[in-house]
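# Structure at a glance
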Amino acid sequence: PLYSSAASDVYKRQVDVVPIARELVFERMHDPVVVVDQGGTVVDRNASGAALLAASEVPSAGEEDRLERYPVLARVAAEATGDDAHPELDLDGRAYACGVVELNDARGRPRGRAIVLRDVTRYKEMQRMLRELATTDDLTEIPNRRHFLDVAERFLAQSQRSERPIAWIVFDVDRFKRVNDRYGHDAGDRVLRAVAEVATRTVRDADLVGRVGGEEFAVCLPDTGLEGACRVAERLRAAVAARQV
C-alpha cells in the first residue's frame, strides 16, 4: 500500500507537470515544431510552428490538416532523413534548417514524426558577413588581393580550356603619396574609393576589378585580346583622370 500510494503521488505530479511543461517549453520555443502522425496528418504544433504553417499553406477547402497542404515543408521534411541531413528552407525572409525526430510509443512502435525547424537566419547572415570580410577590401568594397587572385585564376583556367583570350590590366595611382602627405589619409581614402568606383563602372559586368595593394588595382578581362585590353586601359585612364575628388 505504501508503494502504491507513493507511485500514485508521483503519477499525479507528472500529470500536473505535463501542461506546465507544454506551456513553458513547447509553446514558447522560438523554433517551429510540427508533429504529424504516421498517416501524415498534422496533430500538433507550437505557436511558431502554427505561424510557419500559415505562411507556407496552399489553401485547399474541405481537406483535413495534412502535411500535403504545406508542400514546401513536406519537401524539406522528406529530405531530412538521417542524422546529417538538414535541408534548408527560406520562408518570409527567415532561413531554417529542418530536422525530423521519429516518435515511438513505449513499446518502440512508430507513432509519427516531429518536424523541427531551427531558425538559422542570424547564423547565415554572420556567414555572409564573414565571407565578405574575407573576400572584400573594406575600404573600397571591391575584391581584395586574395579574392581577386583566386577568381582570376579560375578565369585563367577557363580561358585555357576554351582556348579563348584573356587579358590583365595592373595600374596604380600616380603621386598618391603626395595626396596623403598634403591632405591627410582621409583624403587618400576618398581617392582610392573614387578610383575603385570609376574602374568598376568603366569595365563590363563580366570583368573583375580588385585592389591588390595600397594604391594598386588590377582588372581581369575574360574573352579580351591585347588590343581590346589597351582600349579598356585608355578608357579607364581617362575616366580616372576626369574624376574630381
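This text follows the structure it describes.
Residues numbered from 1 in each chain as written. Predicted model: local features only at pLDDT ≥ 70, side-chain atom pairs only at ≥ 80, totals over all residues. Heavy atoms only, no water.

### Here we look at the pairing of strand β2 (residues 42-45)
Where strand β1 (residues 33-37) lies against β2, 3 bridges are found, and the strand directions are antiparallel. If you follow valine 34 over to β2, its bridge partner there is arginine 45. Following β1, the chain reverses through 4 residues before pairing antiparallel with β2; glycine 40 in that reversal takes a positive phi of roughly 90 degrees. (Pairing = 2+ DSSP bridges. Helix = DSSP H or I, 4+ residues; strand = E, 2+ residues; numbered from the N terminus.)

### Here we look at the pattern of salt bridges
All told, the structure shown has 13 salt bridges when counted by the stated rule. Residue arginine 109 is joined to aspartate 105 by a salt bridge in which the shortest nitrogen-to-oxygen separation is 2.8 Å. Ionic pairing is found between arginine 211 and aspartate 137, a salt bridge with its closest N-O pair at 3.2 Å. Highlighted residues: arginine 211 in strand β7 (residues 208-211) and aspartate 137 in the loop between α4 (121-135) and α5 (145-162), separated in sequence by 74 residues. Judged by its relative accessible area of 12%, aspartate 137 falls in the buried class. (Salt bridge = Lys/Arg side-chain N within 4 Å of Asp/Glu carboxyl O. Buried < 20%, exposed > 50% of the residue type's maximum accessible area, 1.4 Å probe, protein only.)

### Focus: the packing of helix α7 (residues 185-202) against helix α8 (residues 226-242)
In contact at an axis separation of 9 Å, α7 and α8 are set at 140 degrees when each is read in the N-to-C sense. For the element pair α7 / α8, the angle class is oblique. For the crossing formed where α7 meets α8, the hand is right-handed. For the pair α7 and α8, the contacting residues are Val195, Val198, Ala199 and Thr202 in the first and Arg235, Leu236, Ala239 and Val240 in the second. In terms of residue class, the contact of α7 with α8 is made up of 6 nonpolar, 1 polar and 1 charged. (Axes fitted to C-alpha atoms, helices over the stretch in contact; angles between N-to-C directions. Parallel < 35°, antiparallel > 145°, perpendicular 65-115°, else oblique. Left-handed = near helix turned anticlockwise from the far one by under 90°. Contact = heavy atoms within 4.5 Å. Nonpolar A, V, L, I, M, F, W, Y, C, P; charged D, E, K, R; others polar.)

### So, the packing of aromatic side chains
Each aromatic ring pair is summarised here by two numbers: the centre-to-centre distance and the angle between the ring planes. Per the stated rule, a full pass over the model turns up 1 aromatic pair. Centroid distance phenylalanine 171 to phenylalanine 217: 5.5 Å. Interplanar angle 15 degrees. Geometry classified as stacked. Placement of the pair is phenylalanine 171 in strand β6 (residues 166-172) and phenylalanine 217 in strand β8 (residues 216-222), with a sequence separation of 46 residues. The same class applies to phenylalanine 171 as to phenylalanine 217, namely buried. (Phe/Tyr/Trp six-rings, centres within 6.5 Å; stacked < 30°, edge-to-face > 60°.)

### Thoughts on the sheet that holds β6
Pairing is antiparallel in the open sheet, where 3 strands are placed in the order β6-β8-β7. Each of the sheet's edge strands pairs with one partner strand only, and the pair in question is β6 and β7. Ignoring which end each strand starts from, the neighbouring axes of this sheet average 15 degrees apart. When β6 meets β8, the two strands line up antiparallel, connected through 7 bridges. Within β8, the residue paired with valine 170 across the bridge is alanine 218. This element, α5, spans β6, β7 and β8 of the sheet and lies at about 150 degrees to β7. Its contacts with the sheet place α8 against β6 and β8, and it is angled at close to 25 degrees to β6.

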